[in-house]
Amino acid sequence: MLNVDLIFKVAGIGIVVTILYTVLKQAGKEEHSYLVALVGVVVVLMLVVRVVSDLFETVKTVFRL
Amino acid sequence: MEIVKIVGLGLVAGTLAILLRQEKPVFATLLSLAAGALILFLVLERVAGIADVLQDLAVRANVDGLYLGIVLKVIGVAFLAEFAGQVLRDAGESSIASKVELGGKIIIVVLAIPIVAAILQTLTSMLG
């Protein structure tokens, strides 16, 4: 059941980044908090892009596009 | 059994997306994109079976394979355009979503031209 893991991984990273973002913001380090959010988005994007590209490949083969 | 997986995945992803949307909407969008892709994966296995059955029926009814190919292509284009459009609309980018769907519609029209031409040709030959 790979697919549910991906959902939890993405959600986990999102929650961790959100917490770090708010904590850093409270601590007064605005720029660090923004950098953490950026890193989180990049990591999640890497995960999601791989799944979406697999989907596009499958669609191409199934529908012979 | 398949439907249980789809429903479960959808509900889990939906609740997590809501959780993420309050603080960081970007993660909610990425999560819904990932969930959509995974659910479509499960659906695609069934669609491949349907496509093969259609192929056999077309061969048996000696329908020209070209037309069935076009039908499958149109379904694929609509499939992807609708997927991207809905994810973009969820993210709040309805203008980009409508552009994506417009592109899909135009590609479908282009794909359908040979069929329309064939229909007109058979019509004129019948009437002529």
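Residues numbered from 1 in each chain as written. Chains lettered and ligands numbered in written order. Predicted model: local features only at pLDDT ≥ 70, side-chain atom pairs only at ≥ 80, totals over all residues. Heavy atoms only, no water.

Student: Honestly, the overall build of chain B in this entry has me stumped. Any pointers?
Tutor: Along its length, chain B carries 4 helices and 0 strands. A compact globule built from 128 residues should have a C-alpha radius of gyration of about 14 Å, whereas chain B, at 20 Å, is more than 25% larger. C-alpha atoms of chain B, sized along the principal axes, occupy 65 × 35 × 15 Å. Counting all 128 residues of chain B, 30% fall into the buried class. Residue pairs in contact within chain B that sit at least 24 positions apart in sequence constitute 53% of those at least 6 positions apart. Of the roughly 7600 Å² of accessible surface on chain B, a fraction of 74% belongs to carbon and sulfur atoms. (Helix = DSSP H or I, 4+ residues; strand = E, 2+ residues; numbered from the N terminus. Rg over C-alpha atoms; globule rule 2.2 N^0.38 Å. Buried < 20%, exposed > 50% of the residue type's maximum accessible area, 1.4 Å probe, protein only. Contact = heavy atoms within 4.5 Å. Areas by Shrake-Rupley, 256 points an atom, 1.4 Å probe, with all protein chains shown as cover.)

Student: Even after reading the chapter, I still don't get the domain arrangement of chain B, so can you show me in this structure?
Tutor: How large an interface is tends to be reported as the accessible area lost when its parts come together. Residue and element names in this part refer to chain B. Domain boundaries assigned for chain B yield domain 1 (1–45) and domain 2 (63–128). The C-alpha centroid of domain 2 is placed 27 Å from the C-alpha centroid of domain 1. Taken together, the 7 residues of domain 1 in the interface contact 5 residues of domain 2. Both faces considered, domain 1 and domain 2 share a buried interface measuring about 570 Å² in area, 83% of it formed by carbon and sulfur atoms. Area buried by domain 1 at its contact with domain 2 is led by Thr29, Leu33 and Leu40, which between them contribute 58% of it. On inspection of domain 1 and its partner domain 2, the count reaches 0 salt bridges. Summed over the shared surface of domain 1 and domain 2, the number is 0 residue pairs in polar contact (both at pLDDT 80 or more). (Domains from an automatic or database assignment. Buried area = accessible area lost by both parts, 1.4 Å probe. Salt bridge = Lys/Arg side-chain N within 4 Å of Asp/Glu carboxyl O. Polar contact = N/O pair within 3.5 Å; in protein donor to acceptor, adjacent residues only side chain to side chain.)

Student: I'm lost on the confidence of the model for chain B in this one. Help?
Tutor: When pLDDT is low, close inspection of the predicted coordinates is not appropriate. Residue and element names in this part refer to chain B. Here chain B averages 91 in pLDDT, and 100% of its residues register 70 or above. Mean pLDDT values over the elements of chain B span from 90, in helix H2 (residues 25–60), up to 94, in helix H4 (residues 94–127). Here the complex is predicted with pTM 0.85, and the ipTM for its interfaces comes to 0.89. (pLDDT = per-residue confidence, 0-100.)

Student: What am I meant to see in the environment of Val44 of chain A here?
Tutor: Structurally, Val44 of chain A can be placed in helix H2 (residues 30–63). When the C-alpha atoms of Val44 of chain A and Gln26 of chain A are compared, they prove to be 24 Å apart, with 18 residues separating the residues in sequence. Look past the residues within four positions of Val44 of chain A in its chain and what remains in contact with it is Val10 and Ile13 of chain A together with Phe27 and Leu30 of chain B.

Student: Help me understand the interface of chain A and chain B in this model?
Tutor: In this assembly, 31 residues from chain A lie in contact with 33 residues from chain B. Taken together, both faces of the contact between chain A and chain B bury some 2800 Å²; the carbon and sulfur share is 89%. Looking at the side of chain A facing chain B, the largest losses of area belong to Ile7, Leu55 and Phe63 of chain A, adding up to 24% of the total buried there. Between the two partners, chain A and chain B, sit 0 salt bridges. Sorting the residues of the side of chain A that touches chain B by element identifies helix H1 (2–26) and H2 of chain A as the ones contributing at least two each. The dominant element in the side of chain A that touches chain B, judged by the number of residues it contributes, is H2 of chain A, at 15 residues. By residue class, the composition of the side of chain A that touches chain B is 23 nonpolar, 6 polar and 2 charged. (Nonpolar A, V, L, I, M, F, W, Y, C, P; charged D, E, K, R; others polar.)

Student: Explain H2 of chain A to me, please; I cannot follow it from the model alone.
Tutor: Because the α-helix completes a turn every 3.6 residues, residues three or four places apart line up on one side. Between its terminal C-alpha atoms H2 of chain A stretches 48 Å, which fits the 50 Å expected from 34 residues at 1.5 Å a residue. Taken from the residues just after H2 of chain A, Arg64 of chain A is the one with a positive phi, measuring 50 degrees. (Expected span 1.5 Å × (residues − 1).)

Student: Whenever I open this one, the packing of H2 of chain A against H2 of chain B confuses me. Can you help?
Tutor: One way to put it is that H2 of chain A packs onto H2 of chain B with a least axis distance of 9 Å and a crossing angle of 20 degrees. In this view, H2 of chain A runs roughly parallel relative to H2 of chain B, as classed from their interaxial angle. Remark: the crossing between H2 of chain A and H2 of chain B carries left-handed chirality. Here the residues of the contact of H2 of chain A with H2 of chain B are counted per class, giving 23 nonpolar, 2 polar and 1 charged. (Axes fitted to C-alpha atoms, helices over the stretch in contact; angles between N-to-C directions. Parallel < 35°, antiparallel > 145°, perpendicular 65-115°, else oblique. Left-handed = near helix turned anticlockwise from the far one by under 90°.)

Student: Please clarify how the pattern of salt bridges should be interpreted in this entry.
Tutor: Pairs can form between side chains of opposite charge once their charged atoms are near each other. All names here are of chain B. Scanning the entire structure with this criterion turns up 3 salt bridges over all chains. Here Arg46 ties to Glu2 by a salt bridge, and the two come within 3.1 Å at their closest N and O atoms. Taken together, the residues span a long stretch of sequence, with Arg46 in helix H2 and Glu2 in helix H1 (residues 2–23) at a distance of 44 residues. Taking relative accessible area as the criterion, Arg46 reaches 47% and is therefore assigned partly exposed.

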